[in-house]
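Residues per chain, in single letters:
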Amino acid sequence: MRGRAAPAAMALFALVGCATGPSLENQGEVTAPPGDSRHLTVGSAGFTESDLLAQMYALLLEQAGYGTKILSVTNREIYEPALESGQIDVVPEYAATFADWLNAKANGPEAPTVGSPDLAATMTALRGLATPRGLTVLDPGRAVDQNAFAVTAAYAEEHGLRTLSDLGAAKLPVRLAAGDECVQRPYCAPGLRETYGIDITGVDPKGVGTTQAKQAVQSGQDQMVLTTTTDATIDDFGLVLLADDKHLQNADYIVPVVNRSRAGSEGVTNALGRLNEVLTTADLALMNERVDNWRRLPEDVARTYLQEKKLIPG
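Residues numbered from 1 in each chain as written. Predicted model: local features only at pLDDT ≥ 70, side-chain atom pairs only at ≥ 80, totals over all residues. Heavy atoms only, no water.

## Topic: the overall build of the protein
When helices and strands are counted, the protein shows 13 helices and 11 strands. Split into buried and exposed, the 314 residues of the protein put 51% on the buried side. Considering only contacts within the protein whose residues lie at least 6 apart along the sequence, 76% involve residues at least 24 apart. For the protein, the exposed area adds up to about 14300 Å²; of that, 51% sits on carbon and sulfur atoms. (Helix = DSSP H or I, 4+ residues; strand = E, 2+ residues; numbered from the N terminus. Buried < 20%, exposed > 50% of the residue type's maximum accessible area, 1.4 Å probe, protein only. Contact = heavy atoms within 4.5 Å. Areas by Shrake-Rupley, 256 points an atom, 1.4 Å probe, with all protein chains shown as cover.)

This is the structure in structure tokens:
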């Protein structure tokens with residue numbers, strides 16, 4: 001049976017102090033056969049979406065005959081080495097973000113990014129970085145959690161906006177509610193100007209998808225907010241997403257990453273791959289909403305979804 005998530009604070013210290021696997025920092029070609037431990041630890045990064053994915057992974061693995069427990073570790077700097085060492089066996093990750101994180105770890109923080117809007121290129125780069133560390137990146141499905149931009153439904157209707165290209169063509173001055181880093185990040189203000197011709201007059205540093213940022217757009221203080229494609233609350237603020245029709249954002253498709261020596265088997269791959277057949281971005285947004293707005297438990301939401309999709313018994 002699956003255990004409850006371990007207390008995050010204790011887990012962080014335990015993972016650092018008790019990792020027993022070999023250092024993979026400089027390991028070359030991996031030649032050992034993939035492992036098939038029957039008792040697996042599924043990691044969660046501690047936010048709603050990661051909790052949901054971890055619960056679904058655990059349920060699917062249980063259905064395939066594995067014993068599982070879930071461990072919540074909110075810091076990638078801790079859980080990624082734990083994944084390498086075998087303290088964690090499986091985690092849900094985001095392809096482009098994880099590729100860039102591993103690239104910076106291997107080649108330094110100033111290394112050119114390897115994540116891109118091209119999913120195939122991103123996956124090639126990610127697997128090239130993960131394999132020497134004893135990690136296997138399974139196939140992505142259809143669900144993607146990318147940066148996204150939203151305006152009020154009234155503003156979109158008034159100006160005939162459906163896409164970011166529409167906003168650029170409208171030549172409207174736009175104050176953007178986002179994080180501080182938006183001023184410099186190529187996917188944010190600079191990219192909106194260069195790729196779409198949007199007149200970004202300023203960045204209001206209220207964070208990515210925060211309540212304060214959405215309220216600023218809702219009130220008209222700002223015209224657009226940086227959020228994500230699986231944001232469960234934009235409807236609550238009367239907001240709509242504008243399509244990224246020129247693919248400015250990186251391919252942050254959801255991918256399971258496993259420790260090859262413990263969970264690299266065909267059994268694990270097949271069990272987790274079943275989720276790719278059904279899970280969409282819209283499904284994930286709806287599940288996020290049920291947890292964040294309806295106050296349902298991630299395990300209950302995950303179980304209900306998998307039962308509805310007939311991936312586990314009802």
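Next comes the rest of the write-up.
## Focus: the packing of aromatic side chains
Taken as a whole and judged by the stated rule, the model has one aromatic pair. Seen from their ring centres, phenylalanine 98 and tryptophan 101 are 6.4 Å apart, and the 10° between their planes marks the pair as stacked. On the criterion of helical spacing, the pair formed by phenylalanine 98 and tryptophan 101 is a turn pair, its members being three residues apart in helix H4 (residues 95–107). The exposure class assigned to tryptophan 101 is buried, which follows from its relative accessible area of 19%. The aromatic ring of tyrosine 66 is capped on one face by arginine 38, whose charged end is 4.0 Å from the ring centroid. (Phe/Tyr/Trp six-rings, centres within 6.5 Å; stacked < 30°, edge-to-face > 60°. Lys NZ or Arg CZ within 6 Å of the ring centre and 35° of its normal.)

## Re the pattern of salt bridges
One pass over the full model with this rule turns up 12 salt bridges. With its nearest N and O atoms 2.8 Å apart, the salt bridge here joins arginine 175 to aspartate 222. Note that arginine 175 is positioned in strand E7 (residues 173–178) and aspartate 222 in the loop between helix H9 (211–218) and strand E9 (224–228), a separation of 47 residues in sequence. The partner of glutamate 299 in a salt bridge is arginine 303, with the nearest N and O atoms 3.4 Å apart. Residue glutamate 299 and its partner arginine 303 are both found in helix H13 (residues 298–308); the two are separated by four residues, about one turn of the helix. With a relative accessible area of 32%, arginine 303 lands in the partly exposed category. Connected through salt bridges with shared partners, the residues Glu80, Glu84, Lys105 and Arg133 form a single ionic network. (Salt bridge = Lys/Arg side-chain N within 4 Å of Asp/Glu carboxyl O.)

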